[in-house]
Amino acid sequence: MEEAGAAVVTAGEAELNWSRLSVSPETLESELEARGEERRGAREALLRLLLPHNHLVSLPRALGSGFPHLQLLDVSGNALTVLGPELLALRGLRTLLAKNNRLGGPSALPKGLAQSPLCRSLQVLNLSGNCFQEVPASLLELRALQTLSLGGNQLQSIPAEIENLQRLHSLRSLSLHNNLLTYLPREILNLIHLEELSLRGNPLVVRFVRDLTYDPPTLLELAARTIKIRNISYTPYDLPGNLLRYLGSASNCPNPKCGGVYFDCCVRQIKFVDFCGKYRLPLMHYLCSPECSSPCSSASHSSTSQSESDSEDEASVAARRMQKVLLG
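About the cut-offs
Residues numbered from 1 in each chain as written. Predicted model: local features only at pLDDT ≥ 70, side-chain atom pairs only at ≥ 80, totals over all residues. Heavy atoms only, no water. Helix = DSSP H or I, 4+ residues; strand = E, 2+ residues; numbered from the N terminus. Buried < 20%, exposed > 50% of the residue type's maximum accessible area, 1.4 Å probe, protein only. Phe/Tyr/Trp six-rings, centres within 6.5 Å; stacked < 30°, edge-to-face > 60°. Salt bridge = Lys/Arg side-chain N within 4 Å of Asp/Glu carboxyl O.

**Some words on unusual backbone geometry**
Despite not being glycine, His-53 shows a phi value in the positive range, around 60°. Checked against the element boundaries, His-53 lands in the loop between strand 3 (46-50) and strand 4 (72-74). The phi dihedral of His-55 falls on the positive side, at around 60°, and the residue is not glycine. As for its position among the elements, His-55 is in the loop between strand 3 and strand 4. Assessed through its relative accessible area of 62%, His-55 is described here as exposed.

**Side note on the packing of aromatic side chains**
The description of an aromatic ring pair uses the distance of the two centres, along with the angle that the planes make with each other. A complete count under the given rule lists one aromatic pair for this structure. A centroid spacing of 4.7 Å and a plane angle of 20° characterise the contact between Tyr-246 and Phe-263, whose relative ring orientation is stacked. Taken as a pair, Tyr-246 in helix 5 (residues 241-247) and Phe-263 in the loop between strand 11 (261-262) and strand 12 (267-275) lie far apart in primary sequence, 17 residues in all. When its relative accessible area of 10% is taken as the criterion, Tyr-246 is described as buried. Accessibility expressed as a relative area gives 8% for Phe-263, which makes it buried.

**Structural notes on the pattern of salt bridges**
Counted according to the given criterion, the structure contains two salt bridges. With a shortest N-O distance of 2.6 Å, Glu-15 and Arg-48 are connected by a salt bridge. Of this pair, Glu-15 sits in strand 2 (residues 13-17) while Arg-48 is found in strand 3, placing the two residues 33 residues apart along the sequence. A relative accessible area of 27% places Arg-48 in the partly exposed class. The partner of Arg-225 in a salt bridge is Glu-221, and the shortest N-O contact between them spans 2.9 Å. Here Glu-221 and Arg-225 lie together in helix 4 (residues 219-229), a separation of four residues that amounts to about one turn. Across the pair, Glu-221 and Arg-225 agree in class, each one buried.

So, in structure tokens, the structure goes:
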């Protein structure tokens, strides 16, 4: 084991490895300040700083100055609840490993991340094993990100806004295993360069069908559906205000054989979608009634039964493919 404070220099790059040394915050601050870029003189720039398993509760303040060339920072296995503003000074950072901490909530990442040079340099980010209940909005601004690991958190959903973020098109690997995801937004299909997707240990993989329900429509829903389906003409003076507002929220049934509409009351269904030509993803699919779950609902009974059988076979095959790829 290297003595605390000793830099390891290999193959032309400087690495400082303080893994599992239980370095005190005071010692850590002192050593980093001594190695700051302004005080290094002719010394080689520090490129890799490894600080995992040191009981850190905050990032060292000394990171805020003197380390513009740092490319990798590992602070995994500590007790961090936030990544402070010191992180923003690492304008050349490419890899940040902060797994197995206590990070979570909207303030876990530093303010101004989207406007910092770090936004354009960070390529690998590992936040697995933390306490995030939702994907931090600032993560979706990291333009150069290629690998994002969020497994082992408490995520319940992936924001649909992911489709609006063109730098995310370069994302190659997305790890979401061991969360609480019950579905994926279809906007995730816009990640056209995604090569690896980990979803094991999520409800959508192990029990997504069990939770799908359909509630009877309300009188408001029935009235609005009737007006839309029958194309009944009306003026703002003919209907109550709440019904007028409700009519503006109509969604069309995606079943091409139906042509119906729905509002609040709909059938939630899982639809398997080919993705990257490698496997099929279960995406949430909304229908206006249980009868629309068959793609040929307006055909004869025999053909309907056949299509339902084909659909079940297709779903079971897709489920087996998905289980092999995502859980294997």
